[in-house]
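These are the residues of each chain, in order.
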Amino acid sequence: MSLEDELFEQRLGRVREMEAQGLLPYGRRFGFTHTIPNILQEYGTKTAEELSPQTRVKIAGRVMTIRRMGKAGFAHIMQSGERLQVYVKKDALPETDYQLFASLDLGDIVGVEGYLFRTKTGELSVHVEKLEFLSKILLAMPEKWHGLEDVETRYRQRYLDLIANPDVHKVFVTRAKIVKSLRTTLDALGFVEVETPMMQPLYGGAAAKPFVTHHNTLDLDLYLRIAPELYLKRLVVGGLERVYEINRNFRNEGISTRHNPEFTMLEFYQAYADYNDLMDLTEKLLARVAMEVTGGTTVEYEGHKLDFGSIRRLTMREAVREQGGNGDLAGPALVEEFEAKVERGLIQPTIIYDFPVEVSPLSKNKPCDPAFVERFEVFAAGMEIGNAYTELNDPQEQRRRFDSQISRREKGDEEAHRMDEDFLRALCYAMPPTGGEGIGIDRLVMLLTGSRSIRDVILFPLLRPEGEIGLADRLRRLDQKA
RNA sequence: GACCCGGUAGCUCAGCCGGUAGAGCAUUUGACUUUUAAUCAAAGGGUCGCGGGUUCGAGCCCCGCCCGGGUCACCA
């Protein structure tokens, strides 16, 4: 018999024993008085004397370690990635509760009631007087010391990763804080959050290959959006003058440490503004989010100290010249030169502005030089994390840009924009002069959490499906045996 | 898509020149009423990713495939 089957049998046996005693192996609501992080924060620095008179607590969580010593024992209970020790003494709690403790498995979920104290070695602990069983683990927990290191298992069974690796828990809590910080800043500036279609009859707003899906009733092929841009700009036409969306984009392209087929993007549009205003706003957003998440504007990333408190600005031509490239180039050739000579070296947060018009079909021309557009990208750690421009709001010019995209497409550029007449019609109703920007949330989270792969900031990154697991069959067999 | 690395017990990993598959944690049994990677004693646990081949003999060598990681390409 394999070890896993053996574990199943042992633990299902314990489930049956509990049921026989009238206990619930899968319990019901548990009214706790404190969370473990609460207790650690409130009492973590109190001395033994300061803990009297007794503070009674009722807590719940997952059993992470057990040290049994005959008629007493210790365990650590984990909640929200933090652990608190509990001390269980045979003559301090009811017989049945002690029996329960004696048959606990690592990974079980329990509720505990007792009072706070400090052990001989000074660790804050709960002196247990009541133990309630809440949920039974059937499979084995990852190793207590090394945690779960197998990358594939970490991604496929993220719950195990979260249980075994507290740092992973922290990354995703930080991710939530980052998104909240961006929302708070934008909300305070009067931006309205909206949701626009994920499924679009025409895709646009970026150069990328789309995913295709189909609606049965309408018998209609739809694209998962590659960007929300064209819908958000329709909203600006409609008078939502400050508008943003934080949501998923889907691009049917390669997977790497910086690319996942679905990723989260913040896009925001501000009427009556241009790309200079957005540069200022970008600095403010980034400095603030870094401050709120890490307590400062500098963050460590791959051995570099990135300073989000001072963001350099230079034109694409200046950047190319600075690296010894040919700054006299124009059009796509300039972009190629930039990507070859500059991009990867942009470690410190940097704004690169003034892009060639050919690669920017939705941006407004620079008045003094129509070969360039009012567009910038933000780079850090060699990664593009944002893209912004003064929006093209002249419908006739937009039509010409679409036309030239179409001829590029006819020459084989699969990622060139398609004609979007509905969008053109919206522009024909007059869009105010507007600045718009997209910020890649996943990459920003990477920078602010020190994660080297985008998969480490996405809870369930895309993987090929694994083979048969065979678990249902085993459980079925054991059920029949019982 | 190309190249490099990896897949051995539930987990973390060893496995020499091709010669009977190993350790720690976890599990089971026993001892232990302030331990903390608890300790002590004993036991059980393997489709060596999958399929072929070479060989007297393959975890190890060869071929194909699957899964994952990395680099590059792609991603304006």
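Provided above is the structure to which this section pertains.
None of these values were measured; they are calculated from a predicted model.

Thoughts on the overall build of chain A
For step 1, the next point in the chain: Helices and strands together make up the secondary structure of chain A, namely 14 helices and 19 strands.
For step 2, the next point in the chain: The principal-axis extent of the C-alpha atoms belonging to chain A is close to 85 × 55 × 45 Å.
For step 3, the next point in the chain: Buried residues in chain A amount to 49% of all 482 residues.
For step 4, the next point in the chain: Summarising the internal contacts of chain A: among those between residues at least 6 apart in sequence, 66% fall at separations of at least 24.
For step 5, the next point in the chain: The averaged location of the 75 negative side-chain charges in chain A is 5 Å from the averaged location of its 64 positive side-chain charges.

Quick word on the sheet that holds strand S2 (residues 72-79)
For step 1, the next point in the chain: One closed barrel holds the five strands; their spatial order is S1-S2-S3-S5-S4, and the pairing between them is mixed. On average, adjacent strands in this sheet sit at an angle of 55 degrees to one another, irrespective of strand direction.
For step 2, the next point in the chain: The pairing of strand S3 (residues 82-89) with strand S5 (residues 124-135) spans three bridges and is classified as parallel. Within S5, the residue paired with Gln-85 across the bridge is Ser-125.
For step 3, the next point in the chain: The sheet contacts of helix H2 (residues 36-43) involve strand S1 (56-69), S2, S3, strand S4 (109-118) and S5, and relative to S3 the element is tilted by about 90 degrees.

Some words on the sheet that holds strand S7 (residues 199-200)
For step 1, the next point in the chain: Spatially, three strands are ordered S7-S9-S8 in an open sheet, and the strand pairing comes out antiparallel. Of all the strands in the sheet, just S7 and strand S8 (212-215) have a single pairing partner and so form its edges.

Some points on the protein's contact with RNA strand B
For step 1, the next point in the chain: Surveying the vicinity of RNA strand B reveals 52 residues, the closest of which are Arg-14, Thr-121, Lys-144, Glu-152 and His-259.
For step 2, the next point in the chain: Protein-adjacent atoms of RNA strand B, using a 4 Å cutoff, are sugar or phosphate at a proportion of 60%.
For step 3, the next point in the chain: Between Arg-67 and RNA strand B, the recorded distance is 2.6 Å, taken from a side-chain N or O atom to a base oxygen.
For step 4, the next point in the chain: A distance of 2.8 Å separates a phosphate oxygen of RNA strand B from a polar backbone atom of Arg-464.
For step 5, the next point in the chain: Counting only elements with at least two residues in the surface near RNA strand B, the list comes to helix H1 (3-20), S1, S2, S3, helix H4 (151-156) and helix H10 (331-341).
For step 6, the next point in the chain: Partitioned by chemical class, the residues of the surface near RNA strand B number 18 nonpolar, 11 polar and 23 charged.

Here's the deal with the pattern of salt bridges
For step 1, the next point in the chain: One pass over the structure, following the stated rule, counts 36 salt bridges.
For step 2, the next point in the chain: With a closest N to O distance of 3.6 Å, Glu-415 and Lys-209 form a salt bridge. Taken as a pair, Glu-415 in the loop between helix H11 (395-410) and helix H12 (421-428) and Lys-209 in the loop between S7 and S8 lie far apart in primary sequence, 206 residues in all.
For step 3, the next point in the chain: Take Glu-415: its relative accessible area is 23%, and that puts it in the partly exposed class.
For step 4, the next point in the chain: Residue classification places Lys-209 among the partly exposed positions, given a relative accessible area of 32%.

Here we look at the environment of Lys-130
For step 1, the next point in the chain: When you line up the elements, Lys-130 lands in strand S5.
For step 2, the next point in the chain: Along the backbone, Lys-130 and Pro-94 are 36 residues apart, and their C-alpha atoms lie at a distance of 7.1 Å.
For step 3, the next point in the chain: Once you skip the residues sitting within four places of it in the chain, Lys-130 turns out to touch Leu-93, Asp-97, Gly-111, Val-112 and Glu-113.

Notes on helix H6 (residues 166-188)
For step 1, the next point in the chain: Helix length check: H6, at 23 residues, gives a terminal C-alpha distance of 33 Å against a target of 33 Å (1.5 Å per residue), a fit within 8%.
For step 2, the next point in the chain: The complete set of buried residues in H6 reads Val-168, Val-171, Phe-172, Thr-174, Arg-175, Ile-178, Val-179, Ser-181, Leu-182, Thr-185 and Leu-186.
For step 3, the next point in the chain: Of the surrounding secondary structure, the elements contacted by the buried residues of H6 are H4, helix H5 (158-164), strand S10 (242-250), strand S11 (262-271), helix H8 (275-294) and helix H13 (441-449).
For step 4, the next point in the chain: Just past H6, the residue Gly-190 takes up positive phi, approximately 90 degrees.

Some points on the pairing of S11
For step 1, the next point in the chain: Across the 10 residues that make up S11, a large majority, nine, are buried.
For step 2, the next point in the chain: Examined bridge by bridge, S10 and S11 share nine bridges and lie antiparallel to one another. The residue of S11 that forms the bridge with Arg-248 is Thr-264.
For step 3, the next point in the chain: Inspection of the sheet shows S11 paired to strand S19 (residues 434-440) by seven bridges, in the antiparallel sense. Within S19, the position partnered with Phe-268 by the bridge is Glu-437.

Details of the packing of helix H7 (residues 229-237) against H12
For step 1, the next point in the chain: Two elements in contact, H7 and H12, have axes separated by 9 Å at closest approach and are oriented at 25 degrees. For the element pair H7 / H12, the angle class is roughly parallel. Both H7 and H12 take part in a crossing whose hand is left-handed. Facing H7, whose interface residues are Leu-230, Lys-233, Arg-234 and Val-237, H12 presents Asp-422, Phe-423 and Ala-426.

Describing the pairing of strand S18 (residues 383-390)
A regular strand places its side chains on the two faces of the sheet in alternate fashion.
For step 1, the next point in the chain: Most of S18 is tucked away, with six of its eight residues classed as buried.
For step 2, the next point in the chain: In this structure, strand S17 (residues 369-380) lies alongside S18, joined through six bridges in antiparallel fashion. Of the residues in S18, the one forming a bridge with Glu-377 is Asn-387.
For step 3, the next point in the chain: Judged from the five bridges that link them, S18 and S19 form a sheet pairing that is antiparallel. Bridge pairing in S19 links Thr-390 to Gly-435.

Considering unusual backbone geometry
For step 1, the next point in the chain: Of the consecutive residues Ser-52 and Pro-53, the connecting peptide bond is found in the cis state with omega at 5 degrees.
For step 2, the next point in the chain: One can find Pro-53 in the loop between H2 and S1.
For step 3, the next point in the chain: The backbone phi angle of Tyr-272 is positive, close to 65 degrees, even though this residue is not glycine.
For step 4, the next point in the chain: Topologically, Tyr-272 is positioned in the loop between S11 and H8.

Parameters at a glance
- Residues numbered from 1 in each chain as written.
- Chains lettered and ligands numbered in written order.
- Predicted model: local features only at pLDDT ≥ 70, side-chain atom pairs only at ≥ 80, totals over all residues.
- Heavy atoms only, no water.
- Helix = DSSP H or I, 4+ residues; strand = E, 2+ residues; numbered from the N terminus.
- Buried < 20%, exposed > 50% of the residue type's maximum accessible area, 1.4 Å probe, protein only.
- Contact = heavy atoms within 4.5 Å.
- Lys, Arg positive; Asp, Glu negative; His and termini not counted.
- Charge placed at Lys NZ, Arg CZ, Asp CG, Glu CD.
- Pairing = 2+ DSSP bridges.
- Axes fitted to C-alpha atoms, helices over the stretch in contact; angles between N-to-C directions.
- Near = heavy atom within 4 Å.
- Polar contact = N/O pair within 3.5 Å; in protein donor to acceptor, adjacent residues only side chain to side chain.
- Nonpolar A, V, L, I, M, F, W, Y, C, P; charged D, E, K, R; others polar.
- Salt bridge = Lys/Arg side-chain N within 4 Å of Asp/Glu carboxyl O.
- Expected span 1.5 Å × (residues − 1).
- Parallel < 35°, antiparallel > 145°, perpendicular 65-115°, else oblique.
- Left-handed = near helix turned anticlockwise from the far one by under 90°.

No statement about biological role is implied by the geometric values presented.
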